[in-house]
Amino acid sequence: MEVVRYTYRLRPGATATSALLAEWGRCRFLWNEAVHQQKVGAKPTFVSLSKILTEARARSAWLRAGSQVAQQQTLRTYAAALRHSFTVPGRGRPTVKTRKRSLPSMEYTLRGFTIADRRLRLAGGITMPVVWSRDLPSPPTSVRVYQDSLGHWYASFVVRREAAAAPEASEAIGVDWGVKTTATTTDARFDLPYLGHRKRCAAELARTQRKMARRRRPKGHTHSNGYRRAKRAAAKLHKKAARQNTHDSRQWAKRVVDHHQVIAVEDFKPTFLTRSTMARKAADAAIGAAKRELIQQGTRAGRKVVLVPPAYTTMTCSSCAARAKQRIGLNVRIFECAACGFTACRDLNAARTVLATVERDRAGADDVRHVTTSLRNAGSDAVRAGNPLVSSVGKR
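Owing to the predicted nature of the structure, the values given are computational and were not obtained by experimental measurement.

Quick word on the pairing of strand S1 (residues 2-10)
- Relative to strand S7 (residues 153-161), S1 runs antiparallel, the two sharing 9 bridges. When the bridges of S7 are listed, Tyr6 appears paired with Phe157.
- In this structure, S1 lies alongside strand S5 (residues 126-131), joined through 2 bridges in antiparallel fashion. The residue bridging Leu10 from the neighbouring strand is Val130, located in S5.

Written out as structure tokens, the structure reads:
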């Protein structure tokens, strides 16, 4: 059995939408109060925040009008986010949720929702129809109701289902991320090319953005309906491209996972590209989405997924393990080893180096600097046949 989420579109009416937004206003108030407690040094925990909520509901009729389940889950989510900010590298402290920038998102446990007549009923008498695109595999244990940037409402149910058996596989593959080619692998059949979904709709997007610029009113004035329509059209184009990238990433990740037992993935973080001249193309490549799908599907299928730090992967020769003395510029697309004369595409060489580091049980920066000595003496076919990882590297 595996725990997964099944997401469905909701069709709330005007009354249900108003009730959901009012509920979100209460949850947002509690989140911001928890952020304030942390900033003043109160060291909030879920227990202390629950006591504050109980006292606040006793005093405020406005809070009592909302669902206690959704409010408690908001505080539980905040406590988890605060705990992760201390334990997960790169996580910052929870920040204030403003009314203009934050989108509604509420959690309900079994005490806070029911499904009757194929409609979702939330605590507080909020009832709305659900677009059941597929049947639930089991009764849900919780649901997240949220709104996206287009104003559409969704319900994400947590359910259990039978885990599908992954196909038998024994091969290994290395994955190197890039912009010109989103994912370069040691086997060219599984490369993920740059698809350019946002690039194809760039002209239409520019047209809607020009409409927004013409219809924008000075600060402090209410925007016109024409401006809102143009803004919504631009948001639809962004959402369409994002969904296409997600779909293609899932299809590619499934192909890779179905055919390989060991997946060595470069632990590349593309955030720095947003500050470069390649920001638009990097965002269109959706490296983060492809990496996330590959890791999730590989882990779910029981494959060995190893994240390899990207340090020195481009500078290390995958044939003799020699490292270049100087950093290779981005304009140099062919890797040439000064020690053995090996020549290959720089991304392919990096993918093979990423795969070679998995031969050792850990994948750290030292493993990339000093690639396994077996690579230096991997000239015999007998050694290659005895180690599938070495064999995979030596094929190209």
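As for the nonpolar core
- If you look at the biggest cluster of nonpolar residues, it comprises 24 residues, and the most contacted ones within it are Leu10, Leu20, Tyr108, Leu120, Leu122, Val145 and Phe157.
- Apart from residues lying up to four places away in sequence, Leu10 is in contact with Leu120, Met128, Pro129, Val130, Val145, Trp153, Tyr154 and Ala155.
- In terms of nonpolar packing, the next biggest core, distinct from the first, is built from 21 residues, Val175, Phe190, Val256 and Val265 among them.

Quick notes on the side chain of Glu107
- Among the structural elements, Glu107 can be located in strand S2 (residues 105-109).
- Given a relative accessible area of 16%, Glu107 falls into the buried group.
- Among the polar contacts listed, one links the side chain of Glu107 to the side chain of Arg144, at a separation of 2.7 Å.
- Not counting chain neighbours up to four residues away, the residues in contact with Glu107 comprise Arg5, Val69, Ala70, Gln73, Val143 and Arg144.

Examining unusual backbone geometry
- Look at Asp117: it is not a glycine, yet its phi comes out positive at around 55°.
- Tracing the sequence through the fold places Asp117 in the loop between strand S3 (113-116) and strand S4 (119-122).
- In this structure, Arg118 is a non-glycine residue whose phi angle is positive, near 60°.
- Along the chain, Arg118 turns up in the loop between S3 and S4.

Describing the packing of aromatic side chains
- Within this structure, the stated rule accounts for 8 aromatic pairs.
- Here Tyr146 and Tyr154 contribute two aromatic rings whose centre-to-centre distance is 5.6 Å and whose plane-to-plane angle is 20°, an arrangement assigned as stacked.
- Among the residues examined, Tyr146 registers a relative accessible area of 25% and is labelled partly exposed.
- A relative accessible area of 12% places Tyr154 in the buried class.
- Across the ring face of Phe86, the terminal group of Arg93 is positioned such that the distance to the ring centre comes to 4.0 Å.
- Taking the ring centre of Trp31 as reference, the NZ or CZ of Lys97 above it sits at 4.5 Å.

Concerning helix H4 (residues 68-87)
- For H4, built from 20 residues, the straight-helix expectation of 28 Å at 1.5 Å per residue is met to within 8% by its first-to-last C-alpha distance of 29 Å.
- Three or more residues of H4 are buried, namely Val69, Ala70, Gln71, Gln73, Thr74, Leu75, Tyr78, Ala79, Ala80, Leu82 and Ser85.
- Contacts from the buried residues of H4 go to helix H1 (14-39), helix H2 (46-59), helix H3 (61-64) and S2.
- If you check the start of H4, you find a side-chain oxygen 3.3 Å away from the backbone N of Val69, and it comes from Ser67.

Examining a positive patch on the surface
- Together, Arg207, Arg210, Lys211, Arg214, Arg215 and Arg229 line one region of the surface with positive charge.
- Of all the elements, helix H6 (residues 202-215) adds the most residues to the positive patch, at 5 residues.
- Here Lys211 lies in helix H6.

Side note on the pattern of salt bridges
- One pass over the structure, following the stated rule, counts 9 salt bridges.
- A salt bridge links Glu107 to Arg5, with the nearest nitrogen and oxygen atoms 3.9 Å apart. One end of the pair, Glu107, is in strand S2; the other, Arg5, is in strand S1, with 102 residues separating them in the sequence.
- Note that Lys291 and Asp267 form a salt bridge whose closest N and O atoms lie 2.7 Å from each other. Of this pair, Lys291 sits in helix H9 (residues 287-300) while Asp267 sits in the loop between strand S10 (262-266) and helix H8 (279-285), and the two are 24 residues apart along the sequence.
- Linked through salt bridges whose partners overlap, the residues forming this network are Glu2, Arg161 and Arg300.

Things to note about the sheet that holds strand S9 (residues 183-185)
- The mixed open sheet is built from 4 strands, whose spatial order is S9-S8-S10-S11. Bordering the open sheet on either side are S9 and strand S11 (304-308), each of which pairs with just one other strand. Strand-to-strand twist of the sheet, defined as the mean angle between neighbouring strand axes without regard to direction, takes the value 25°.
- Direction of pairing for strand S8 (residues 172-177) relative to S9: antiparallel, over a ladder of 3 bridges. Each residue of the ladder has a partner; that of Asp176, found in S9, is Thr184.
- Sheet strands touched by helix H7 (residues 225-259): S8, S9 and S10. Its angle to S8, the strand with the most contacts, is close to 150°.

Conventions used here
- Residues numbered from 1 in each chain as written.
- Predicted model: local features only at pLDDT ≥ 70, side-chain atom pairs only at ≥ 80, totals over all residues.
- Heavy atoms only, no water.
- Pairing = 2+ DSSP bridges.
- Helix = DSSP H or I, 4+ residues; strand = E, 2+ residues; numbered from the N terminus.
- Core = buried A, V, L, I, M, F, W, Y, C linked by side-chain atoms within 4.5 Å.
- Buried < 20%, exposed > 50% of the residue type's maximum accessible area, 1.4 Å probe, protein only.
- Contact = heavy atoms within 4.5 Å.
- Polar contact = N/O pair within 3.5 Å; in protein donor to acceptor, adjacent residues only side chain to side chain.
- Phe/Tyr/Trp six-rings, centres within 6.5 Å; stacked < 30°, edge-to-face > 60°.
- Lys NZ or Arg CZ within 6 Å of the ring centre and 35° of its normal.
- Expected span 1.5 Å × (residues − 1).
- Patch = residues over 30% accessible without salt bridge, like charges linked within 9 Å, V, L, I, M, F, W, Y side chains within 5 Å.
- Areas by Shrake-Rupley, 256 points an atom, 1.4 Å probe, with all protein chains shown as cover.
- Salt bridge = Lys/Arg side-chain N within 4 Å of Asp/Glu carboxyl O.
- Lys, Arg positive; Asp, Glu negative; His and termini not counted.
- Charge placed at Lys NZ, Arg CZ, Asp CG, Glu CD.
- Axes fitted to C-alpha atoms, helices over the stretch in contact; angles between N-to-C directions.

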